[in-house]
Amino acid sequence: MTELQFFYDPISPYAHLAFAALPQALEGHSVAVRYRPVLFAALLKAHGQLGPAEIPGKRDWTYRQVQWLAHRHGIRLDMPAAHPFNPLPLLRLGLATAQDEAPGDTNRYVTGLLFEHVWHGGADAADPARLAALQERLQDHMRQRGREWLAPDGDTVKRRLRANTDEALALGLFGVPAVVADGRVFWGFDALPMLQAWLAGDAWFDSGAWERAGQTAVGVQRR
């Protein structure tokens, strides 16, 4: 069985699309998926980048494109009342459900609730009342499973989020969503067909093309 790590931040509409489309992309393959929440803003900061929603023009295009992609692929996506927003409360709520055997992981059910909170219904993702309702729902989920609920604002959850984000950077991640498989990083919703091809044993991945791409010389650098 192949292990895949799906790194995400629910602030990203592309991560929402990829999460929804992932089961279909993995059909026919024996895989285990680990869902790993990270702070997208920390990845951007580490690489000296702005997010798509922070660049005029690109922001408008991003919102148009993700709604088109959702329409094209039959995925529900309602723009939240405000975007971007602070995703830390959501990330910590997710990791409050993580267990010691997988301290940086959220299960698919929990991950789906985080994405639905943002991308279903068009409400304010940062609204305290909505976050409280989500917390109650997640706590009930943990009670039904007989598992421990951690304090979202506690040191354990904060350390786990930092550890996930640090691990993502160490793996070379620069954005979300990103699927890591056998050391290869497949970035973005549009990388799912590429991931599918790798899982299916496409000969291109053994041709050296993947490695040669990283050996291309830099012609000029802007300062």
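The notes below deal with the structure included here. (Residues numbered from 1 in each chain as written. Predicted model: local features only at pLDDT ≥ 70, side-chain atom pairs only at ≥ 80, totals over all residues. Heavy atoms only, no water.)

### Brief notes about the sheet that holds strand E1 (residues 2-8)
The strands making up a sheet associate through backbone hydrogen bonding, with each pair oriented either parallel or antiparallel. Taken in spatial order, the four strands make up an open sheet running E2-E1-E3-E4, and their pairing is mixed. The sheet terminates laterally at strand E2 (31-37) and strand E4 (184-187), the two strands that pair on one side only. Averaged over all pairs of adjacent strands, the angle between their axes in this sheet comes to 25°, without regard to strand direction. As paired elements, E1 and strand E3 (residues 178-181) share four bridges and run antiparallel to each other. Considered in E3, the bridge of Phe 7 is made with Ala 178. Seen against the sheet, helix H1 (residues 13-25) touches E1 and E2 and runs at an angle of roughly 150° to E1. (Pairing = 2+ DSSP bridges. Helix = DSSP H or I, 4+ residues; strand = E, 2+ residues; numbered from the N terminus. Axes fitted to C-alpha atoms, helices over the stretch in contact; angles between N-to-C directions. Contact = heavy atoms within 4.5 Å.)

### Here's the deal with the packing of helix H4 (residues 88-95) against helix H6 (residues 128-145)
Between H4 and H6, the shortest axis-to-axis distance is 10 Å and the interhelical angle comes to 10°. On the basis of the axis angle, H4 is roughly parallel to H6. Each of Pro 89, Leu 90 and Leu 93 in H4 lies in contact with H6, whose residues at this interface are Leu 131, Leu 134, Gln 135 and Leu 138. (Parallel < 35°, antiparallel > 145°, perpendicular 65-115°, else oblique.)

### As for the nonpolar core
The nonpolar side chains of soluble globular proteins are, as a tendency, buried together. Formed by 54 residues in total, the largest nonpolar core has its most connected members in Leu 4, Phe 6, Leu 17, Phe 186, Leu 192, Leu 195 and Trp 198. Take this core: its biggest share by element is eight residues, from H1. The contact partners of Trp 198, leaving out residues within four places of it in the chain, are Thr 2, Leu 4, Ala 181, Asp 182, Arg 184, Phe 186 and Phe 205. Membership of the second largest hydrophobic core comes to seven residues, among which are Leu 91, Ala 96, Val 157 and Leu 161. (Core = buried A, V, L, I, M, F, W, Y, C linked by side-chain atoms within 4.5 Å. Buried < 20%, exposed > 50% of the residue type's maximum accessible area, 1.4 Å probe, protein only.)

### Quick notes on the pattern of salt bridges
Applying the stated criterion across every chain yields a total of eight salt bridges. A salt bridge links Glu 3 to Arg 34; the shortest N-O distance between them is 3.7 Å. In this pair, Glu 3 is assigned in strand E1 and Arg 34 in strand E2, connecting sequence segments 31 residues apart. With relative accessibility at 43%, the residue Glu 3 sits in the partly exposed group. (Salt bridge = Lys/Arg side-chain N within 4 Å of Asp/Glu carboxyl O.)

### So, the layout of surface pockets
Size it by volume and the largest pocket reaches roughly 750 Å³. Phe 40, Leu 44, Gly 51, Pro 52 and Val 176 are the residues nearest the centre of the largest pocket, which is lined by 34 residues in total. Looking at the lining of the largest pocket, the elements that each hand over two or more residues are H1, helix H2 (40-46) and helix H3 (58-73). With six residues, the top contributor of residues to the lining of the largest pocket is H3. Class assignment for the residues of the lining of the largest pocket results in 21 nonpolar, nine polar and four charged. Size it by volume and the second largest pocket reaches roughly 270 Å³. Along its surface, the second largest pocket is lined by Ala 20, Ala 21, Gln 24, Ala 25, His 73, Gly 74, Ile 75, Phe 189, Asp 190, Leu 192, Pro 193 and Gln 196. Broken down by secondary-structure element, the contributors of at least two residues to the lining of the second largest pocket are H1 and helix H8 (192-199). Considering every element that reaches the lining of the second largest pocket, the biggest residue donor is H1, with four residues. Looking at the lining of the second largest pocket, its residues break down into seven nonpolar, four polar and one charged. (1 Å grid on protein atoms, 1.4 Å probe; cavity = no way out; pocket = protein on both sides within 12 Å on 5 of 7 lines; lining within 4 Å. Points joined across faces, edges and corners; volume = space filled by probe spheres on them. Nonpolar A, V, L, I, M, F, W, Y, C, P; charged D, E, K, R; others polar.)

Geometric descriptors of this kind do not, in isolation, establish any biological role.
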